[in-house]
Amino acid sequence: FIAILVFRLLFNGALGPINGLLEQIGLPAVPWLADPTMAKVTILLVHFWISMPFLMALQSGILTTIPKDLYEAAEVDGAGGRAKFSRITMPHVLLATSPILIMQFASNFNNFNLIYMLTDGGPANPAYFFAGSTDILLSWIYKMTLEQNQFNMASAVSIVMFVLIASISVLNYSRTQSFKEKD
């Protein structure tokens, strides 16, 4: 949570240190959180920055579990670096990574903390029904219940969101080879 607040301070309009650095090198200030498009880009950058260490730790763990015997056997068979990567490394990494990617996909729908603490769903957009330009479904539901007292609509959206995310996750999990037993 503290990291998100630090990013909010860093990207804080004309007063933020990032815009100060841009102005010092002669570039114009960027409306990081005030412009709808730039606010979305900023959220993606912050999410990428925060989630990368977790994903890299998982990837390094996956890479260390690949048996070295496979690479030695491939070398004996005359496989080069590209063949070893495409025939040994990638299948093992994809097999172990697909549940993680599905989990990340589902968690992006619930990334309430990042949206709420970084932009509070803003900048405002009057074309949306009680939602700002960067609101996700969860932050939109939060605003409908606590700020607008639209409990019926929030409940309906919550149920539809659960059914969609659960359906997509079950479909993706069933299509992966990750949970199938091997001989």
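Small disclaimer: the values here were computed from a predicted structure and weren't measured.

**Looking at the overall build of the protein chain**
Moving on, step 1. Regarding its fold elements, the protein chain presents eight helices and zero strands.
Moving on, step 2. Ordered by position in the sequence, the α and β elements of the protein chain form the string α-α-α-α-α-α-α-α.
Moving on, step 3. Its C-alpha radius of gyration of 22 Å places the protein chain more than 25% over the 16 Å reference for a compact globule of 183 residues.
Moving on, step 4. Projected onto the principal axes, the alpha-carbon positions of the protein chain cover approximately 65 × 50 × 25 Å.
Moving on, step 5. Out of the 183 residues in the protein chain, the part that is buried amounts to 31%.
Moving on, step 6. Restricting to contacts in the protein chain with at least 6 residues of sequence separation, those with at least 24 account for 54%.
Moving on, step 7. About 12,100 Å² of surface is accessible on the protein chain, with carbon and sulfur atoms providing 68% of the total.

**Some words on the nonpolar core**
Moving on, step 1. Grouped together as the largest cluster of nonpolar side chains are 12 residues: Ile 4, Phe 7, Phe 11, Leu 22, Trp 32, Leu 33, Ile 43, Val 46, Leu 114, Ile 115, Met 117 and Leu 118.
Moving on, step 2. Put simply, the parts of the chain that give this core at least two residues each are α1 (2–10), α3 (36–64) and α6 (112–118).
Moving on, step 3. When residues of this core are assigned to their parent elements, the largest contribution, four residues, is made by α6.
Moving on, step 4. Excluding its chain neighbours within four sequence positions, the residues that come into contact with Phe 11 are Ile 18, Trp 32, Leu 33, Thr 42 and Val 46.
Moving on, step 5. Counting eight residues, the second-largest nonpolar core is a separate cluster that includes Ala 131, Ile 141, Val 157 and Ile 165.

**What about the environment of Ala 74?**
Moving on, step 1. With respect to the helices, strands and loops of the structure, Ala 74 is situated in helix α4 (residues 68–76).
Moving on, step 2. By relative accessible area, which is 11% here, Ala 74 ends up buried.
Moving on, step 3. When the C-alpha positions of Ala 74 and Ile 88 are compared, they lie 8.7 Å apart, and in sequence the two are 14 residues distant.

**Some words on the environment of Asp 35**
Moving on, step 1. Tracing the backbone shows Asp 35 in the loop between α2 (17–24) and α3.
Moving on, step 2. Separated by 88 residues in the primary sequence, Asp 35 and Pro 123 place their C-alpha atoms 6.8 Å from one another.

**Some points on the environment of Trp 140**
Moving on, step 1. Tracing the backbone through its elements, the reader meets Trp 140 in helix α7 (residues 137–146).
Moving on, step 2. You can call Trp 140 buried: its relative accessible area is 17%.
Moving on, step 3. Sequence separation between Trp 140 and Ala 166 is 26 residues, and the spatial gap between their C-alpha atoms is 19 Å.
Moving on, step 4. Not counting the four nearest positions on each side in its chain, Trp 140 is found in contact with Phe 129, Phe 130, Ala 131, Asp 135 and Val 157.

Quick notes on the rules
Residues numbered from 1 in each chain as written. Predicted model: local features only at pLDDT ≥ 70, side-chain atom pairs only at ≥ 80, totals over all residues. Heavy atoms only, no water. Helix = DSSP H or I, 4+ residues; strand = E, 2+ residues; numbered from the N terminus. Rg over C-alpha atoms; globule rule 2.2 N^0.38 Å. Buried < 20%, exposed > 50% of the residue type's maximum accessible area, 1.4 Å probe, protein only. Contact = heavy atoms within 4.5 Å. Areas by Shrake-Rupley, 256 points an atom, 1.4 Å probe, with all protein chains shown as cover. Core = buried A, V, L, I, M, F, W, Y, C linked by side-chain atoms within 4.5 Å.

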